[in-house]
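# Structural description and commentary
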Amino acid sequence: MPEVVISGTGLYRPPHVITNAELVEAFNAYVALQNAQHAAAIAAGEREPLVPSSVEFIEKASGIKQRYVIDKAGVLDPQRMYPRFQERPDDQLSLMAEIAVDASRQALAAAGKRADQVDAVLCSAANMQRAYPAMAIEIQQALGAGGYGFDMNVACSSATFAIEQAANAVRAGSANCVLVVNPEITSAHLEWRDRDCHFIFGDVCTAVIVERADTATSADRWQILGTKLATQFSNNIRNNFGFLNRCEDSDPNARDKTFRQEGRKVFKEVVPIAAAHIEQHLASLGLEPTAVRRFWLHQANLGMNQLVVKRLIGQEVTPDVAPLILDEYANTASAGSVIAFHHHRADLTGGDTGVICSFGAGYSVGSVVVRKLS
Ligand code: CO8
């Protein structure tokens with residue numbers, strides 16, 4: 001079977017930044033409005049008052065300092081508290097495809113590939129903008145790529161799971177060059193009015209070129225030594241939005257129709273699951289965790305990442321070993337570990353080994369062990 005490499009990555013970063021201070025100001029204005037509107041019910045004990053958020057809590061609990069978003073005004077409007085996007089006609093490129101095309105063109109340029117050399121497009125993300133036609137097929141057409149395309153969703157593990165599908169397609173000979181693209185418009189699934197999670201997510205899109213090693217011309221090639229995927233059902237991160245909602249006569253704005261989680265439980269459960277997964281994957285390749293030069297991990301929580309890597313290498317974790325992009329981008333669902341790989345690999349040299357690893361709702365864990373080729 002042919003060797004497979006990652007030969008280029010791309011990153012679309014939205015134009016707007018929301019700092020924690022801006023976010024908390026808008027959230028607290030929303031809280032004041034709601035409490036004033038429901039003052040009588042609160043005074044009568046029929047309703048709990050909403051409680052303000054704080055910058056200090058957000059930074060201490062998560063490590064997030066800001067996030068990028070496609071629309072800022074809608075999110076920060078205390079009368080609205082979610083992004084405002086304009087519906088597009090069917091003959092116009094859709095929003096997810098637009099940001100995907102941007103990131104994909106960058107990845108193609110980095111890999112030194114033309115779009116017509118791509119023979120599979122996997123659009124893999126935590127949310128899809130519509131049921132069909134597949135986003136991947138629209139992206140394929142917009143780029144001028146050949147072959148086939150399909151959509152995948154494994155929540156925050158969408159990128160790593162897609163990289164395995166891409167590597168398998170190349171190994172099996174059904175494709176020579178695969179584009180994996182992860183448009184994550186998480187601002188649209190986040191409940192910005194919920195104090196427990198309003199700070200968590202940001203928008204972004206990443207793209208990765210996976211191809212045969214013997215056709216790759218990029219100077220920056222990363223051999224895929226192995227991939228390992230695992231899932232285990234949990235309701236601790238859940239979103240009930242779906243196409244049956246209308247038939248169930250459920251409220252489309254009900255709390256369960258956007259992202260919700262039991263954050264504490266997730267934190268406790270993810271650390272042992274992710275650490276054991278990576279350790280087993282490395283062992284299957286004959287590698288010790290201490291031999292890994294860099295861990296590009298899912299970016300959901302600073303403390304969670306430090307604990308995962310500390311379990312693996314048995315010592316305090318520096319940004320050189322496990323770089324953080326969460327402070328700047330927040331949680332970008334499946335794109336987080338790819339952003340870390342995109343920004344923090346240029347200093348590695350031939351022979352260096354690294355692990356790209358995601359953990360997400362499902363639960364799902366996906367790891368990709370790579371080695372820099374010289
Ligand atoms: N401002 C001020 N105070 C607040 C706020 C706020 N915005 N929100 C909560 N508080 C208060 C609470 O009221 C509480 O007060 P008290 O102690 O008096 O009751 C106190 O702060 C502590 O609240 P929590 O216990 O909810 O806060 P945590 O310290 O647990 O932090 C986090 C919340 C940041 C969400 C944290 O639990 C976390 O990051 N958990 C990990 C889960 C995660 O990262 N989720 C992100 C999205 S899902 C995802 O990306 C996948 C993750 C991994 C999946 C697992 C696969 C195996």
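Given the structure is predicted, the values throughout are model-derived calculations rather than measurements.

### Some words on the sheet that holds strand β5 (residues 148-152)
Strand order in the open sheet formed by nine strands is β5-β4-β6-β7-β1-β8-β13-β12-β11, and the pairing between neighbours is mixed. Only two strands of the sheet have a single neighbouring strand rather than two, namely β5 and β11 (294-297). Neighbouring strand axes in the sheet, compared pairwise and without regard to direction, differ in orientation by 25° on average. Two strands pair when backbone bridges link them, and strand β4 (residues 120-124) and strand β6 (residues 177-184) are joined in this way by four bridges, in the parallel orientation. Looking at β6, one finds that Leu-122 is bridged to Val-180.

### Notes on the pattern of salt bridges
With the rule as written, the count across this model stands at 16 salt bridges. For Arg-114, the salt bridge is made with Asp-116, and the minimal N-O distance between the two is 3.0 Å. Judged on exposure class, the residue Arg-114 and its partner Asp-116 are both exposed. For Asp-220, the salt bridge goes to Arg-345, with nearest N and O atoms at 2.8 Å. Separated by 125 residues along the polypeptide, Asp-220 in the loop between β7 (204-212) and β8 (222-231) and Arg-345 in the loop between α11 (336-343) and β12 (353-360) bring together distant segments of the chain. When salt bridges with common partners are traced through the structure, they connect Arg-293, Arg-294, Asp-320 and Asp-347 into a single cluster.

### Examining the site of the ligand
By nearness alone, 26 residues border the ligand, and Gln-261, Arg-264, His-298, Asn-301 and Asn-331 come closest of all. Between the ligand and Arg-195, the relevant distance is 2.9 Å, taken from a nitrogen atom to a main-chain nitrogen or oxygen of the residue. Within the contact set of the ligand, an oxygen atom lies 2.8 Å away from a side-chain nitrogen or oxygen of His-298. In the complex, the protein chains occlude 77% of the 1,100 Å² of accessible area that the ligand would expose alone. Residue assignment for the shell around the ligand shows that the elements contributing at least two residues are α3 (55-62), α8 (263-284) and β12. In terms of residue count, the dominant contributor to the shell around the ligand is α8 (five residues). Taken together, the residues of the shell around the ligand break down into 14 nonpolar, nine polar and three charged.

### Examining the packing of helix α5 (residues 95-111) against helix α6 (residues 135-143)
Between α5 and α6, whose axes approach to 10 Å, the crossing angle comes to 55°. Overall, the two elements α5 and α6 adopt an arrangement that is oblique. α5 and α6 meet at a crossing whose hand is right-handed. Counted together, Met-96, Ala-97, Ala-100, Val-101, Ser-104, Arg-105 and Leu-108 of α5 and Met-135, Glu-138, Ile-139, Ala-142 and Leu-143 of α6 form the full contact between these two elements. Tallied by class, the residues present in the contact of α5 with α6 amount to nine nonpolar, one polar and two charged.

### Thoughts on the packing of aromatic side chains
Tallied over the entire structure, the rule returns eight aromatic pairs. With 6.0 Å between their ring centres and 80° between their planes, Phe-57 and Phe-199 make a pair best called edge-to-face. Here Phe-57 is found in helix α3, whereas its partner Phe-199 is found in the loop between β6 and β7, with 142 residues between them in sequence. With a centroid separation of 4.9 Å and 85° between ring planes, the pair formed by Phe-201 and Phe-259 is classed as edge-to-face. One end of the pair, Phe-201, is in the loop between β6 and β7; the other, Phe-259, is in the loop between β9 (237-238) and β10 (260-261), with 58 residues separating them in the sequence. Both residues of the pair, Phe-201 and Phe-259, count as buried. Grouped by ring-pair contacts, the aromatic residues Trp-222, Trp-296 and Phe-341 constitute a single cluster.

The rules behind the values
- Residues numbered from 1 in each chain as written.
- Predicted model: local features only at pLDDT ≥ 70, side-chain atom pairs only at ≥ 80, totals over all residues.
- Heavy atoms only, no water.
- Pairing = 2+ DSSP bridges.
- Helix = DSSP H or I, 4+ residues; strand = E, 2+ residues; numbered from the N terminus.
- Axes fitted to C-alpha atoms, helices over the stretch in contact; angles between N-to-C directions.
- Salt bridge = Lys/Arg side-chain N within 4 Å of Asp/Glu carboxyl O.
- Buried < 20%, exposed > 50% of the residue type's maximum accessible area, 1.4 Å probe, protein only.
- Near = heavy atom within 4 Å.
- Polar contact = N/O pair within 3.5 Å; in protein donor to acceptor, adjacent residues only side chain to side chain.
- Areas by Shrake-Rupley, 256 points an atom, 1.4 Å probe, with all protein chains shown as cover.
- Nonpolar A, V, L, I, M, F, W, Y, C, P; charged D, E, K, R; others polar.
- Parallel < 35°, antiparallel > 145°, perpendicular 65-115°, else oblique.
- Left-handed = near helix turned anticlockwise from the far one by under 90°.
- Contact = heavy atoms within 4.5 Å.
- Phe/Tyr/Trp six-rings, centres within 6.5 Å; stacked < 30°, edge-to-face > 60°.

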